[in-house]
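# Descriptive analysis of the structure
Here is how the chains run, residue by residue.
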Amino acid sequence: MSLTKHGIEPCPYCGRAIAHDRVCGTCGLAGRQHTPKHPHLLCTTELLRDVFGPMEQEHRLEHVATIDGVHYVNDSRSTNVNSTWFALESTNGPIIWLAGGDRGARWSQRAYQPLRDLVKQKVKALYDFGPLDQKLFPHFRSDTIALPSATLHEAVVAARILAEPGDTVLLSPACASFHAFANLEERGRSFKHYVLNP
């Protein structure tokens, strides 16, 4: 019996069987959505909003403020590469990307390879506030301005200096928060405090 006529097909990205109207649990974090009309298309932000309604929640693509024409977005909930890929993909305009945190003892710069095309296309600058032995910025030096920062606060200050009207300062760490914060919520609240209290 064919599963296709019952609305089940393999995900074109990972091969997992999935209903057309569900997010694939394996690759869904990257924003891939299967729908009855377009089961094999990479979703757009607009399609996700049509299916799920407004996406903004605290610490997930949360608009914090627009100051002097610069948008500040808190995406502290992005603790992996897939989530950060979606954040970069769905953010308009030049991006000043703040990334960093505890990437774990077995981290590898190769894991961040899927972000390179988006970084080349959309990222004006990267400020990396991770631990000294886990810095990400050298991996992206050929793609954008990529600089280390000692702390998230220092990264926000540097981003504010560089930003121009129309830019978005995006906190999307792509890793855990444990080197400097108790959890992702504390990291997100700290980002909002630094933005709103220069």
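Keep in mind the model is a prediction, meaning the values are calculated, not measured. (Residues numbered from 1 in each chain as written. Predicted model: local features only at pLDDT ≥ 70, side-chain atom pairs only at ≥ 80, totals over all residues. Heavy atoms only, no water.)

The next point concerns the overall build of the protein chain. Of regular secondary structure, the protein chain possesses five helices and eight strands. Helices (α) and strands (β) of the protein chain occur, in sequence order from the N terminus, as β-β-α-β-β-α-β-α-β-β-α-β-α. In the protein chain, which comprises 198 residues, the proportion classed as buried is 48%. (Helix = DSSP H or I, 4+ residues; strand = E, 2+ residues; numbered from the N terminus. Buried < 20%, exposed > 50% of the residue type's maximum accessible area, 1.4 Å probe, protein only.)

Applying the stated criterion across every chain, the model contains six salt bridges. Between Glu 58 and Lys 192 there is a salt bridge, with its nearest N and O atoms 3.0 Å apart. With Glu 58 in the loop between α1 (45–52) and β3 (62–67) and Lys 192 in helix α5 (residues 184–196), this pair connects stretches of sequence that are 134 residues apart. Judged by relative accessible area, which is 41%, Glu 58 ranks as partly exposed. We classify Lys 192 as buried; its relative accessible area is 15%. Through salt bridges that share partners, Glu 58, Glu 62 and Lys 192 make up one connected network. (Salt bridge = Lys/Arg side-chain N within 4 Å of Asp/Glu carboxyl O.)

Let's shift gears to unusual backbone geometry. Unlike most non-glycine residues, Asp 68 shows phi in positive territory, near 55 degrees. Assignment of secondary structure puts Asp 68 in the loop between β3 and β4 (70–74).

Further remarks concern the packing of helix α4 (residues 152–162) against α5. For the pair α4 and α5, interaxial distance at closest approach is 10 Å and the crossing angle is 40 degrees. With respect to α5, the axis of α4 lies oblique. Note on packing geometry: the crossing formed by α4 with α5 is right-handed. On α5, the residues touching Leu 152, His 153, Val 156 and Arg 160 of α4 are Arg 187, Phe 191, Tyr 194 and Val 195. Each residue belonging to the contact of α4 with α5 can be placed in one class, and the counts come to five nonpolar, one polar and two charged. (Axes fitted to C-alpha atoms, helices over the stretch in contact; angles between N-to-C directions. Parallel < 35°, antiparallel > 145°, perpendicular 65-115°, else oblique. Left-handed = near helix turned anticlockwise from the far one by under 90°. Contact = heavy atoms within 4.5 Å. Nonpolar A, V, L, I, M, F, W, Y, C, P; charged D, E, K, R; others polar.)

Quick look at the side chain of Asp 143 now. The topology assignment puts Asp 143 in the loop between β6 (123–128) and β7 (145–148). Residue Asp 143 is classed as buried on the basis of its relative accessible area, which comes to 12%. A distance of 3.5 Å separates polar atoms of two side chains, one belonging to Asp 143 and the other to Ser 142. Contacts of Asp 143, omitting those with residues within four sequence positions, involve Arg 116, Val 119 and Lys 120. (Polar contact = N/O pair within 3.5 Å; in protein donor to acceptor, adjacent residues only side chain to side chain.)

Right, let's get into the nonpolar core. By size, the foremost hydrophobic cluster in this structure holds 23 residues, and its most contacted members are Leu 88, Trp 97, Tyr 112, Leu 115 and Phe 140. Only α2 (81–90), β5 (95–99), α3 (116–122) and β6 provide two or more residues apiece to this core. Looking at this core element by element, the count peaks at five residues for α2. The residues touching Leu 115, leaving out its near neighbours within four places in the chain, are Val 81, Thr 84, Trp 85, Leu 88, Trp 97 and Phe 140. Core analysis: the next-biggest nonpolar cluster, separate from the first, contains 19 residues, Val 64, Tyr 127, Ala 155 and Ala 159 among them. (Core = buried A, V, L, I, M, F, W, Y, C linked by side-chain atoms within 4.5 Å.)

Okay, the environment of Ile 95 next. By the element assignment, Ile 95 lies in strand β5. Through-space distance from the C-alpha of Ile 95 to that of Tyr 72 is 9.9 Å; in sequence the pair is 23 residues apart. If we skip the residues at most four places from it in the chain, Ile 95 touches Leu 88, Lys 122, Val 123, Lys 124, Ala 125, Thr 168 and Leu 170.

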